[in-house]
Amino acid sequence: KAGVTQTPRYLIKTRGQQVTLSCSPISGHRSVSWYQQTPGQGLQFLFEYFSETQRNKGNFPGRFSGRQFSNSRSEMNVSTLELGDSALYLCASRVRGDTEAFFGQGTRLTVV
Amino acid sequence: EDQVTQSPEALRLQEGESSSLNCSYTVSGLRGLFWYRQDPGKGPEFLFTLYSAGEEKEKERLKATLTKKESFLHITAPKPEDSATYLCAVQDYGQNFVFGPGTRLSVLP
């Protein structure tokens, strides 16, 4: 059974640019969550999508947005990148909202 | 607001030296407590889910326990390959998911 797939694995962007990250969940999983992980702040929740609807949102600025498609694949977009957005972005999928989350390998974003 | 703290921040053990990691939590209503292991540069790997006080789960050298205020991850006779960061997370009935800062475990041969 394939795990959660995130693309790309590594990304370097310049301040002010925008970026789109992709996540393909485990087959049959309808919930996809996104997290930002930095050494200083740990794992911080960005948002969760279930059946194409955003169900929960963390405390991040509006520059961070996401969406989920009918096949449960999800994308996350960050506009007007700042140096502080450099982090490991992790996607996790669950069968539904109350089950354990399975994580992808993450996308390492570096903003220069 | 849900909160999770973990202690110690870092732990260094000799191979075979058993110990425990602590996860203390404050949550409006606990739906589940989760333990993950994370290796550097990789995504967290699911280990256990605990739902109610008194529950215990085991996997190889790891055993997780849960009380009303905290959870422990006991590591028995650890090996160097157990070196990783161990993360604890809680989920409330609003399905909010909050992670702790983690414990960095190093097991020396």
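Attention now goes to the overall build of chain A. Of regular secondary structure, chain A possesses zero helices and 11 strands. What you see in chain A, going N to C, is helices and strands ordered as β-β-β-β-β-β-β-β-β-β-β. Relative to the 2.2 N^0.38 estimate, which gives 13 Å for 112 residues, the radius of gyration of chain A is 13 Å and therefore close to what a compact globule would have. Over its C-alpha atoms, taken along the principal directions, chain A stretches across nearly 35 × 25 × 25 Å. Residue burial in chain A is summarised as follows: out of 112 residues, 52% are buried. Counting contacts in chain A only where the partners sit at least 6 residues apart, residues at least 24 apart contribute 54% of the total. Accessible surface computed for chain A: about 5,300 Å², of which carbon and sulfur atoms make up 48%.

Glancing now at the sheet that holds strand E7 (residues 62-66) of chain B. Residues and elements named next belong to chain B. The antiparallel open sheet is built from five strands, whose spatial order is E1-E3-E8-E7-E6. For this open sheet the edge positions go to strand E1 (3-7) and strand E6 (56-59), each flanked by a neighbour on one side alone. Direction aside, the axes of adjacent strands within the sheet are offset by 15° on average. As judged from the four bridges shared by E6 and E7, these two strands associate in the antiparallel manner. Its bridge partner lying in E7, Lys59 is registered against Leu62.

Here we take up unusual backbone geometry. Thr7 of chain A connects to Pro8 of chain A through a cis peptide bond whose omega is -10°. In this structure, Pro8 of chain B follows Ser7 of chain B across a cis peptide bond, with omega equal to -10°. Turning to its location among the elements, Pro8 of chain B is positioned in the loop between E1 and strand E2 (10-14). One non-glycine residue with positive phi stands out, namely Glu52 of chain A, at about 70°. Structurally, Glu52 of chain A is set in the loop between strand E5 (42-50) and strand E6 (53-57). Assessed through its relative accessible area of 45%, Glu52 of chain A is described here as partly exposed. Located in the positive-phi region is Thr80 of chain A, a residue other than glycine, with phi close to 45°.

The rules behind each value
- Residues numbered from 1 in each chain as written.
- Chains lettered and ligands numbered in written order.
- Predicted model: local features only at pLDDT ≥ 70, side-chain atom pairs only at ≥ 80, totals over all residues.
- Heavy atoms only, no water.
- Helix = DSSP H or I, 4+ residues; strand = E, 2+ residues; numbered from the N terminus.
- Rg over C-alpha atoms; globule rule 2.2 N^0.38 Å.
- Buried < 20%, exposed > 50% of the residue type's maximum accessible area, 1.4 Å probe, protein only.
- Contact = heavy atoms within 4.5 Å.
- Areas by Shrake-Rupley, 256 points an atom, 1.4 Å probe, with all protein chains shown as cover.
- Pairing = 2+ DSSP bridges.
- Axes fitted to C-alpha atoms, helices over the stretch in contact; angles between N-to-C directions.

These figures come from the coordinates and say nothing about function on their own.
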